[in-house]
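The lines below spell out each chain.
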Amino acid sequence: MLLRKITLEEFGAYRGKQSLDLTPKKNKPIILIGGLNGCGKTTLLDAIQLALYGNRARCSGRGTKAYETYLRESINRKADPSRGSAITLEFTVMTGGHEHYYRLVRSWHISGKTLKEFLNVYVDETYGERVKRQRAAEPEGKFNRLLSEGWADHVESLLPLEIASLAFFDGEKIESLANPERAASVIESAVHSLLGVSTVQQLRNDLLALQRRQKLSEEEQHLLDNIRAQEAEREAVLSQYDIAHQELAHSRSELGKAQRKLDSLEKAFADEGGELFTRRVELENDKKQALTQLAQVRTELTQLAAGPLPLLMVAPLLDDVRRQARSEQEAQQSAQVLEVLEERDRWLLELMPDGARADVLKRLNDDRAERAAKSQLSVDLRLPLDALAQLAVLDELLQRDTQRSAQLLHSAAELTEQLDQLDRQLAGVPAQDKVEALQVARDEQIAEVGRCEAARDRATAKLEDLKRRREHVTTLLERAHKEFVRTKVKAEEVERVIKYSEKARDTLERFGSALLERHINRLEVAVLQSFKVLMRKQALVHDLRIDTDKFTLTLADADGEALDPARLSAGERQLLAVSLLWGLMRVAGNRLPSVIDTPLGRLDSRHREHLVDRYFPNASDQVLLLSTDEEIDEYLLGRLEKSVAHTYTLVHDDTEFTTAVVEGYWWSAGAQHAG
């Protein structure tokens, strides 16, 4: 597993969205993250574990708090609780020869008094192929609902929680691993889970479960009794099936008789006018409604007749008035124009030369004379100036009332026709004494048909149920006959499975013991080599043994005498614990990332140099160091720099109590003012 990127949103002291690229580079496995005490280094370590394991995560800031309380308190104090916090962790895993890219988004927010948590998992199934083909660094993952819902089980196949404590650890607490009892539990857990010994044990348990599930078939007499019982049940079902079939035929016959009688009554009822009798009340109501509508139409026609509508009878006179109004309007306009023209003509004649004045004067006089003729009317009714406008309004009113009256007349005709039809239908309604007896008989027969239909449906359902039972019993009977034939074969097969399962369990037990001893031997060598590489006193520890039963760690000096871990200094015990973890990682093949918080807490300068030069660059394919400025200082940074892929500094604002991620370390560009 390789961690690729982590993004924190309003988590703990981290305000807003803060991202760190964690991808190592070739021959540069280290990602160095600096921060003063209280800046959020441990919070970052907790965030990785929280994203992966949720309520099972062993977060240092949780203590004995309930998981919901821890999540509530993890929301940044400046953030809106309704929007909440989120942790996005991106990593790759090599499985089946292919590298898969995971993007894990764990978010939570407060809704009212309730805290809601969500987990979404996105997977790019073709990440390895895409990288080769396109050299893509950030593939587009697809949401996987099954992984999201079953992540707690899936993550155990990627990085078991017990093993996570070996990959993510606090350097200040690592000294406890030098304690023989604590180291024994860690070694046992690591050997079984990380190195595959538990797989062998699981195989043995699975074989044992298989043996316990194997049972010999029932004795032949029991099989015969079973066959006889099933045959008796089959005969009973067949008998019931025949009876149900007869009942269904009878119910269908009764239904047919009842339906024919109903049809006869329906015909007699119809012949006597029963339908009209049934609809009598409906017809009377329709007649009342039609009479009401006709009265409303006639009332509206009367109202229209009281308006301007009668003027349509003198339409020619209205046309004459319209022409007279237009003539009087034109005469009045011509008279007004003559006065203006007289003024204009005098002005024009004054401007004209004497030679042309006579001709122009003649033309002007002719024009005025023509206009004066138009202003003379044979008849002058002295109509008002807006007579034409009033006539236009009258035309619109007449047009509207004409259309409405036509609609009303059409409606009146339709209603009259409807009333005639209703009267004819009401006239054909038979007397009550003629159809009442037929109506009662018909209603009773309708109920009888309903009862017959219900009986038929019950008989059909019963027959279908018995048919399914017959098929089921027949199948069981056939299977019992076959089982009787296979009894001896089955017994031999069960005996063979039990025999070879026991042999396989013995073989796996020997293999598991050999595998455990081999891993323990490799682990002893790896831990001892790691310890000697890191120690300043090369002759202090000469040998190291791990018990295969209790997994206790024993040290020996050059004389072969047991060396009590209490004789080691605090720094040496810390190096022993680091050596134990390093040895486990080396034996496991450096498949997991190492995340180390406060890595150099109690070490002197020489031991610090050994860790920086020898351990951190080789601890794993990916190493995340969370350090203070006093642990990895400018001098150690220079020694470590050739193995560093990325550097970050956690900058804390003491006024806002928030942390921001800045690229670069204290003594490199971009982080000079961290703190």
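About the thresholds
- Residues numbered from 1 in each chain as written.
- Predicted model: local features only at pLDDT ≥ 70, side-chain atom pairs only at ≥ 80, totals over all residues.
- Heavy atoms only, no water.
- Buried < 20%, exposed > 50% of the residue type's maximum accessible area, 1.4 Å probe, protein only.
- Helix = DSSP H or I, 4+ residues; strand = E, 2+ residues; numbered from the N terminus.
- Pairing = 2+ DSSP bridges.
- Core = buried A, V, L, I, M, F, W, Y, C linked by side-chain atoms within 4.5 Å.
- Contact = heavy atoms within 4.5 Å.
- Patch = residues over 30% accessible without salt bridge, like charges linked within 9 Å, V, L, I, M, F, W, Y side chains within 5 Å.
- Areas by Shrake-Rupley, 256 points an atom, 1.4 Å probe, with all protein chains shown as cover.
- Salt bridge = Lys/Arg side-chain N within 4 Å of Asp/Glu carboxyl O.
- Axes fitted to C-alpha atoms, helices over the stretch in contact; angles between N-to-C directions.
- Parallel < 35°, antiparallel > 145°, perpendicular 65-115°, else oblique.
- Nonpolar A, V, L, I, M, F, W, Y, C, P; charged D, E, K, R; others polar.
- pLDDT = per-residue confidence, 0-100.
- Phe/Tyr/Trp six-rings, centres within 6.5 Å; stacked < 30°, edge-to-face > 60°.

## Some points on the pairing of strand E13 (residues 623–627)
Thinking step 1. Of all five residues in E13, five are buried; the element is thus mostly enclosed.
Thinking step 2. Burial along E13 is two-sided: the face carrying Val623, Leu625 and Ser627 and the face carrying Leu624 and Leu626 are both buried.
Thinking step 3. Two strands pair when backbone bridges link them, and strand E3 (residues 30–35) and E13 are joined in this way by five bridges, in the parallel orientation. Its bridge partner being in E13, Leu32 is matched across the sheet by Leu625.
Thinking step 4. One ladder, built from four bridges, connects strand E12 (residues 594–597) with E13; its direction is parallel. Along E13, the bridge assignment pairs Ile596 with Leu625.

## Considerations on the nonpolar core
Thinking step 1. Counting 105 residues, the largest nonpolar core has Ile6, Leu52, Phe91, Trp151 and Tyr615 as its most contacted members.
Thinking step 2. Tallying contributions element by element places helix H17 (residues 570–588) first for this core, with nine residues.
Thinking step 3. Look past the residues within four positions of Tyr615 in its chain and what remains in contact with it is Phe169, Leu534, Val578, Trp582, Ile596 and His610.
Thinking step 4. If you look at the next biggest cluster of nonpolar residues, it comprises nine residues, including Val297, Leu304, Leu408 and Leu419.

## Description of unusual backbone geometry
Thinking step 1. The phi torsion at Asn27 lies on the positive side, around 60 degrees, for a residue other than glycine.
Thinking step 2. In this fold, Asn27 is placed in the loop between strand E2 (14–21) and E3.
Thinking step 3. Residue class for Asn27 comes out exposed when judged on its relative accessible area of 66%.
Thinking step 4. Phi at Phe657 is positive, roughly 60 degrees, even though this residue is not glycine.
Thinking step 5. If you trace the backbone, Phe657 turns up in the loop between strand E14 (644–653) and strand E15 (658–663).
Thinking step 6. Judged by relative accessible area, Phe657 falls into the partly exposed class, the value being 45%.

## Thoughts on the environment of Asp629
Thinking step 1. Considering the arrangement of structural elements, one finds Asp629 in the loop between E13 and helix H19 (634–640).
Thinking step 2. Asp629 gets classed as partly exposed once you look at its relative accessible area, which sits at 27%.
Thinking step 3. Sequence-distant contacts of Asp629, defined by excluding residues within four places in its chain, comprise Leu36, Trp666 and Trp667.

## Details of a nonpolar patch on the surface
Thinking step 1. Together, Leu311, Met313, Val314 and Leu317 make up an exposed nonpolar region whose accessible area comes to about 380 Å².
Thinking step 2. Of note, Leu311 is situated in the loop between helix H11 (280–305) and helix H12 (315–351).

## Re the packing of helix H1 (residues 41–53) against helix H5 (residues 151–158)
Thinking step 1. For the pair H1 and H5, the least separation of the axes is 9 Å and the interaxial angle reads 120 degrees. When the axes of H1 and H5 are compared, the pair comes out oblique. Contact with H1, carried on its side by Ala51, Leu52 and Tyr53, involves Trp151, Val155 and Glu156 of H5 and no other residues of that element.
Thinking step 2. Of the residues that constitute the contact of H1 with H5, the class distribution is five nonpolar, no polar and one charged.

## A look at the confidence of the model for the protein chain
Thinking step 1. Confidence in the prediction for the protein chain averages 79 pLDDT; 79% of positions are at 70 or higher.
Thinking step 2. At the level of individual helices and strands, the protein chain shows its lowest average pLDDT in helix H3 (residues 127–134), which scores 55, and its highest in strand E1 (residues 2–11), which scores 94.

## Overview of the packing of aromatic side chains
Thinking step 1. According to the stated counting rule, one finds seven aromatic pairs in the structure shown.
Thinking step 2. An angle of 85 degrees between the planes, with centres 6.0 Å apart, marks the rings of Phe11 and Trp108 as edge-to-face. You can see Phe11 sitting in strand E1 and its partner Trp108 sitting in strand E5 (residues 98–111), a full 97 residues away along the chain. Just as Phe11 is buried, Trp108 falls in that class too.
Thinking step 3. Taken together, a centroid distance of 5.1 Å and an interplanar angle of 5 degrees make the contact between Phe91 and Tyr102 stacked.

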